[in-house]
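# Commentary on secondary and tertiary structure
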Amino acid sequence: MIDFYTSATPNGRKVAIMLEETALPYRVHRIDLGAGDQHRPGFLKLNSNNKIPVIHDPDTGVTLAESSAILIYLAEKTGQFQPESLQDRYETLQWVMFQMASVGPMMGQLWWFRRSAPEEIPLAIDRYEAETKRIFSVLDGRLAGRSGIAGDYGIADIATWPWIDAHRPLGIDIAAYPNLARWYAAVGARPAVQRGMAVPAADAPRAFPA
Ligand SMILES: N[C@@H](CCC(=O)N[C@@H](CS)C(=O)NCC(=O)O)C(=O)O
């Protein structure tokens, strides 16, 4: 039974989807980010970077943060959602790194400047919106004639989907990116993706309450 420390955010949901897709048994420990649970000593022992997601796998003793490191670990553990050949395997990792270095950080900054910042700073909003749209174009081009970002459906898709799902609250029109929109609909129809997106339940127990 894998212990999974998470919140209802794209980085947490990436791992929730992977756990659902692989059907590995797991136990959810909710981290209430708004209440600051990620700064409590018990959580900091798991990840000194005070961010979800984190897993602990009692089978191997591995404790791991950074959402895509967790996806790679679970792919290796199960032999699923990662291609076999050297070329395909590294192409998958290339797009997983693209998600970690570009999709998540740029959309995360757009989220903060558009929805959380105490004052409106148009230069910052424009910068991160332009980067988000550029990234959507890159993915749209990549997905032309393809069903998955890197070969068959796998960890590159799982890493990216919950971030692309944030286009709605960010006010980005996905219809302007037809290949990305097709992929977004197809991946979103997967039952495991839908189950993963509902993790953690609002009433899941808090791991580190005040
Ligand atoms: N690169 C990290 C980013 C993790 C991250 O940014 N987590 C956010 C939620 S999506 C968080 O825990 N924020 C809490 C904080 O910064 O205090 C990953 O991919 O796991």
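Residues numbered from 1 in each chain as written. Predicted model: local features only at pLDDT ≥ 70, side-chain atom pairs only at ≥ 80, totals over all residues. Heavy atoms only, no water.

### Focus: the side chain of serine 102
Which entries qualify depends on this criterion: Per the convention used, a helix needs a DSSP run of H or I reaching at least four residues, while a strand needs a run of E reaching at least two, with both numbered from the N terminus. Throughout, a contact is declared for two residues whenever any of their heavy atoms are within 4.5 Å.
Position of serine 102 relative to the elements: it lies in helix H4 (residues 86–116). In this structure, serine 102 is in contact with Met97, Met107 and Ile135, ignoring residues within four places of it in sequence.

### Considering H4
Which entries qualify depends on this criterion: One fewer than the residue count of a helix, multiplied by 1.5 Å, yields its expected span. To obtain the bend at a residue, axes are fitted to the seven residues ending there and to the seven starting there, and the angle between these axes is taken.
Here H4 is 31 residues long and its end C-alpha atoms lie 42 Å apart, about the 45 Å a rise of 1.5 Å per residue gives. Of all the bends found along H4, the most pronounced is centred on glutamine 99 and spans about 35°.

### Observations regarding the domain arrangement of the protein chain
How big an interface is tends to be reported as the loss of accessible area on association of its parts. The criterion, for reference: Residue ranges for the domains trace back to a domain assignment, done automatically or taken from a database. Buried area: the accessible area, evaluated with a 1.4 Å probe, that two parts lose upon being put together, summed over both parts. The salt bridge definition used is simple: a Lys or Arg side-chain nitrogen within 4 Å of an Asp or Glu carboxyl oxygen. Pairs of N or O atoms are called polar contacts if they sit within 3.5 Å, as long as, within protein, a hydrogen donor faces a hydrogen acceptor (for residues adjacent in sequence, only side-chain-to-side-chain pairs). Note on residue categories: nonpolar means Ala, Val, Leu, Ile, Met, Phe, Trp, Tyr, Cys or Pro, charged means Asp, Glu, Lys or Arg, and polar means any other residue, Gly included.
Domain parsing of the protein chain yields domain 1 (2–80) and domain 2 (86–191). Computed over C-alpha atoms only, the centres of domain 1 and domain 2 are separated by 21 Å. Considering only the side of domain 1, the residues that lose the most area to domain 2 are Pro10, Lys14 and Glu21, jointly responsible for 37% of the buried surface there. A salt bridge links arginine 190 to glutamate 21; the shortest N-O distance between them is 2.8 Å. Our count for the contact surface shared by domain 1 and domain 2 stands at five residue pairs in polar contact (both at pLDDT 80 or more). Of all elements in the fold, only helix H1 (10–22) and helix H3 (67–78) reach the threshold of two or more residues within the side of domain 1 that touches domain 2. Ranked by the residues each element gives to the side of domain 1 that touches domain 2, the list is headed by H1, at seven residues. In terms of residue class, the side of domain 1 that touches domain 2 is made up of six nonpolar, three polar and five charged.

### Topic: the sheet that holds strand S2 (residues 26–30)
Heads up, the condition is: Here, strands pair whenever DSSP counts at least two bridges between them. Axes here mean lines fitted to C-alpha atoms, for a helix over just the part in contact, with angles spanning 0 to 180 degrees between N-to-C directions.
Strand order across the open sheet formed by four strands is S2-S1-S3-S4, with mixed pairing between neighbours. The strands lining the two open edges of the sheet, one partner per strand, are S2 and strand S4 (62–65). When strand polarity is set aside, the average angle formed by the axes of neighbouring strands in this sheet is 15°. Of the pairings in the sheet, the one linking strand S3 (residues 54–57) to S4 comprises four bridges and is antiparallel in character. Within S4, the residue paired with histidine 56 across the bridge is threonine 63. Against the sheet, H1 touches strand S1 (2–6), S2 and S3, its axis set at about 155° to S1. Against the sheet, H3 engages S1, S3 and S4, with an angle of about 140° to S4.

### Comments concerning the site of the ligand
Threshold: Throughout, the term near means that a residue has one or more heavy atoms lying within 4 Å of the molecule or strand in question. Throughout, the Shrake-Rupley method with a 1.4 Å probe supplies accessible areas, and for residues the shown protein chains are the sole cover considered.
Every residue lining the ligand is accounted for by Thr9, Asn11, Leu33, Gln38, His39, Asn50, Lys51, Ile52, Pro53, Glu66, Ser67 and Met100. Within the contact set of the ligand, an oxygen atom lies 2.6 Å away from a side-chain nitrogen or oxygen of lysine 51. Between glutamate 66 and the ligand, the recorded distance is 2.6 Å, taken from a side-chain N or O atom to a nitrogen atom. Taken by itself the ligand offers 510 Å² of open surface, and the protein chains cover 76% of this. Residues that form the shell around the ligand fall into these classes: four nonpolar, six polar and two charged.

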